[in-house]
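If you want the building blocks of each chain, they are given just below.
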Amino acid sequence: MGTIAKDPREDVIQAWYMDDSEEDQRLPHHREPKEFVSLDKLAVLGVLSWRLDADNYETDEELKKIREARGYSYMDFCEVCPEKLPNYEQKIKNFFEEHLHTDEEIRYCVAGSGYFDVRDRNESWIRVWVKKGGMIVLPAGIYHRFTLDSSNYIKAMRLFVGDPIWTPYNRPHDHLPARKEYVETFVQADGAGHAVNAAA
């Protein structure tokens, strides 16, 4: 049997099912035994991922192509660490409140690392560890949260279509059109793992 080539994205983005422990949110929170989640399974939930050259983001042609193809006209950077983020403790608490956005959340880690937790179709938490060079897109309407890992530092590029709106809607906000659309497209999908309305 030939070995399957490893997905290069897995060097910078890994995902696994979380345990139910209330311990420090910055710990990995693996289940016992560990249950890893493939990046293809994340894609079925609408979570897209890339591996990019974080040392050359200013001139990276691949990043440029993604931005053009997806219409990401706005860009800035966000550094999350005790020294750089005003009102750090409160902000970290807010980021870890389960919430959704009415637009995509695009984060490209250019330094450090952090955890983006997303819900699967059965409401279980999947922890997505994004390290330097990893870029993820969380679809509008997906319930999620963010925390630093034990290194306590991430520098992320934030991208957005048009003028940025960072409004978080803490759970429950199931009545929002973005949530309804997400559920129809990614949760109520057919058994083959394809969204019923993916092409719509």
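Residues numbered from 1 in each chain as written. Predicted model: local features only at pLDDT ≥ 70, side-chain atom pairs only at ≥ 80, totals over all residues. Heavy atoms only, no water.

Draft legend 1. Examining the nonpolar core more closely. One finds L42, V80, V118, I126 and V128 to be the most contacted residues of the largest nonpolar core, which totals 27 residues. If you list the elements that add at least two residues to this core, you get β1 (13-17), α1 (39-44), β4 (74-80), α3 (88-95), β6 (105-119), β7 (125-131), β8 (134-138) and β9 (144-148). Sequence-distant contacts of L42, defined by excluding residues within four places in its chain, comprise A15, V37, V47, V118, I126 and V128. With 13 residues, the next largest nonpolar core counts W50, I106, V110 and M157 among its residues. (Core = buried A, V, L, I, M, F, W, Y, C linked by side-chain atoms within 4.5 Å. Buried < 20%, exposed > 50% of the residue type's maximum accessible area, 1.4 Å probe, protein only. Helix = DSSP H or I, 4+ residues; strand = E, 2+ residues; numbered from the N terminus. Contact = heavy atoms within 4.5 Å.)

Draft legend 2. Local environment of the packing of aromatic side chains. Inspection of the entire model under this criterion finds 10 aromatic pairs. Between Y57 and F77 the ring centres are 5.2 Å apart and the planes differ by 55 degrees, which places this aromatic pair in the tilted class. Residue Y57 is found in the loop between β3 (48-51) and α2 (61-70), and its partner F77 is found in strand β4; the two are separated by 20 residues along the sequence. Residue classification places F77 among the partly exposed positions, given a relative accessible area of 31%. Through pairs of rings, three or more aromatic residues link up here, namely W16, F36, Y115 and W129. Positioned above the aromatic ring of W129, the side-chain terminus of K131 is 4.1 Å from the ring centre. Just above the ring of F77 sits the side chain of K155; from NZ or CZ to the centre is 5.1 Å. (Phe/Tyr/Trp six-rings, centres within 6.5 Å; stacked < 30°, edge-to-face > 60°. Lys NZ or Arg CZ within 6 Å of the ring centre and 35° of its normal.)

Draft legend 3. Structural detail: the UniProt feature "binding site: Ni(2+)" (unreviewed entry) in the chain. Within the UniProt annotation, "binding site: Ni(2+)" (unreviewed entry) is assigned to H99, H101, E105 and H144. A compact arrangement is adopted by the annotated residues: their sequence extent is 46 residues, whereas the largest C-alpha distance between any two is 11.6 Å. In the annotated group above, the largest pocket draws its lining from H99, H101, E105 and H144. Here H101 shows up in the loop between β5 (99-100) and β6. For H101, a relative accessible area of 10% corresponds to the buried category. The contacts of H101, once residues within four sequence positions are left out, are A140, G141, H144, W166, T167, P168 and A178. Polar side-chain contacts of H101 include one of 2.8 Å to the side chain of E105. (UniProt positions renumbered as here; feature names shortened; annotations may be inferred. 1 Å grid on protein atoms, 1.4 Å probe; cavity = no way out; pocket = protein on both sides within 12 Å on 5 of 7 lines; lining within 4 Å. Polar contact = N/O pair within 3.5 Å; in protein donor to acceptor, adjacent residues only side chain to side chain.)

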